[in-house]
Each structure stands twice: as C-alpha cells, then as structure tokens.
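# Observations on the three-dimensional arrangement
The chain contents come next:
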Amino acid sequence: MSRKRVAVLISGRGSNMTALIAAAKRADYPAEIALVVSNRPDAGGLATAQHEGIATEVVDHKPFGKDRAAFENAIQAVLERHRIDIVCLAGFMRILTGDFVNRWYGRMLNIHPALLPAFKGLDTHRRALDAGVAEHGATVHLVVPDMDSGPILLQGSVIVRPGDTETDLAARVLAVEHRIYPEALKMLAEGRFAP
Ligand code: GRF
C-alpha cells in the first residue's frame, strides 16, 4: 500500500511536527511527511523541516485580513499542489472555517494539550492546575467545525504532582503529545479509525 502524503500545519516551534517526521522515517510507517505549511514566516519549525529535506510553504494570513475563505483557498491550493491526503494540525494557531474543515473531514487531525472534553481552548495547563485535577494529558482528534471537538483517536495522561508548575506540567504533557500524535496518524493512515 502506498504511503499517505501528510501535510503538517504549524505556527511555531513545531515539536509535534518533529515527532511526526521522526516517526515517518521508519520504513514500516504508513505515512510520509510530504509538506510543512506555516501561516507565520518566522515559525521555528520551518527551519527544522527544511533541515530534514521536507518541502515547506508559508501562507501568511496577514495579507488576507479578515477574509478567512481566501486564506484557506491559498492553503487548499498548496495542499492540492503537493497531492496531500491527510492534514495534521500541530500548534496551528488559526481558526478554520466550517467549509474548509468539512472538506477535510476524516482526513484532518489536531492535537490538543488536555484530556478533552476537559479544557478546550487556550492555557490548558494553567486551567488544569487551577481546577486541581489529579490527571491531565493530551488528545488527538478529528477536526470538526467546533473547536477542540470531534471524534477522539487517542489520549495520553499524566499525573498532576503536588507543587507542579505550569511549565512542569506542559513539559510532561508535551512528551505524551510526541508519543500519541505519531500513533494516531498511523491509525488514521492505516484506515484503523472509522468515526
Ligand atoms: C502543543 O502543545 C499542541 O498540543 C498545541 O500547541 C502546541 C504546539 O507545540 N496545539 P509544538 O509547536 O508542536 O511544539
């Protein structure tokens, strides 16, 4: 079976992108990272991807102003040009419209740094500490128009320790993210997840 062509969409450092690239180097992995797209020209992950010999594209959202559809059309054109099968959002900090999301339904994943449905949105680690939860973690899910919703493929949890700071917790959850995102992409690429 031919390997699925994956685009990773980033806005920043791209450590999840790096984990996906590392996993996809295995000969038996069912997907290849064919493209990295950033909406920010200064995203640190772009240099990492280039160093790995992966095609990169910048689709800066700024010139599009409030015209989300035009921004997404530009992204769609890039994805089509690179014959992309699956999109992985990895710290991509733009909200996508229902039209774009529905077009990719079943073929677009996101990773969220919390045990969904708890703590949707931003500042998840601080909010988890404030809430006093005993367990926290990360979730990989299919993207649907509602933010941080959608069928869950995998979750991984960590114990919240007494005295944990936001930074401590973020680091432990990030290690979980780097483990579960490649595993979830593998599931999707092998057709082992049917929502
Ligand atoms: C991760 O915590 C991810 O869960 C969230 O944004 C962060 C991106 O980090 N969606 P990185 O760019 O993958 O290092």
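Everything below is about the structure shown above.
If you're wondering where the values come from, they're calculated on a predicted model, not measured in any experiment. (Residues numbered from 1 in each chain as written. Predicted model: local features only at pLDDT ≥ 70, side-chain atom pairs only at ≥ 80, totals over all residues. Heavy atoms only, no water.)

The next thing to look at is the pattern of salt bridges. Scanning the entire structure with this criterion turns up 10 salt bridges. Notably, a salt bridge pairs Asp123 with Arg126, separated by 3.5 Å at the nearest N-O pair. For the salt bridge of Glu190 with Lys186, the shortest nitrogen-to-oxygen distance reads 3.4 Å. Judged by relative accessible area, which is 30%, Glu190 ranks as partly exposed. Here the residues in one salt-bridge network are Asp123, Arg126 and Asp130, joined through shared partners. (Salt bridge = Lys/Arg side-chain N within 4 Å of Asp/Glu carboxyl O. Buried < 20%, exposed > 50% of the residue type's maximum accessible area, 1.4 Å probe, protein only.)

With respect to spatial proximity, the complete set of residues near the ligand consists of Arg13, Gly14, Ser15, Asn16, Gly91, Ile111, Pro113 and Glu177. Interatomic distance of 3.1 Å between a backbone N/O atom of Ile111 and a nitrogen atom of the ligand. Coverage of the ligand by the protein chains reaches 85% of its 360 Å² of free accessible surface. Counting atoms within 2 Å of the grid points, the majority share of the ligand lands in the largest pocket. (Near = heavy atom within 4 Å. Polar contact = N/O pair within 3.5 Å; in protein donor to acceptor, adjacent residues only side chain to side chain. Areas by Shrake-Rupley, 256 points an atom, 1.4 Å probe, with all protein chains shown as cover. 1 Å grid on protein atoms, 1.4 Å probe; cavity = no way out; pocket = protein on both sides within 12 Å on 5 of 7 lines; lining within 4 Å. Sits in = over half its atoms within 2 Å of the grid points.)

Let us now look at the side chain of Gln76. Along the chain, Gln76 turns up in helix α3 (residues 68-81). Gln76 gets classed as buried once you look at its relative accessible area, which sits at 8%. Discounting residues that sit within four places of it in the chain, Gln76 has contacts with Phe100, Arg103 and Trp104. (Helix = DSSP H or I, 4+ residues; strand = E, 2+ residues; numbered from the N terminus. Contact = heavy atoms within 4.5 Å.)

Put simply, Leu116 and Pro117 share a cis peptide bond, and its omega is 10°. Inspection of the secondary structure assignment puts Pro117 in the loop between β5 (108-112) and α5 (124-131). The backbone of Asp148 sits at a positive phi, close to 55°, despite the residue not being glycine. The topology assignment puts Asp148 in the loop between β6 (135-142) and β7 (152-159).

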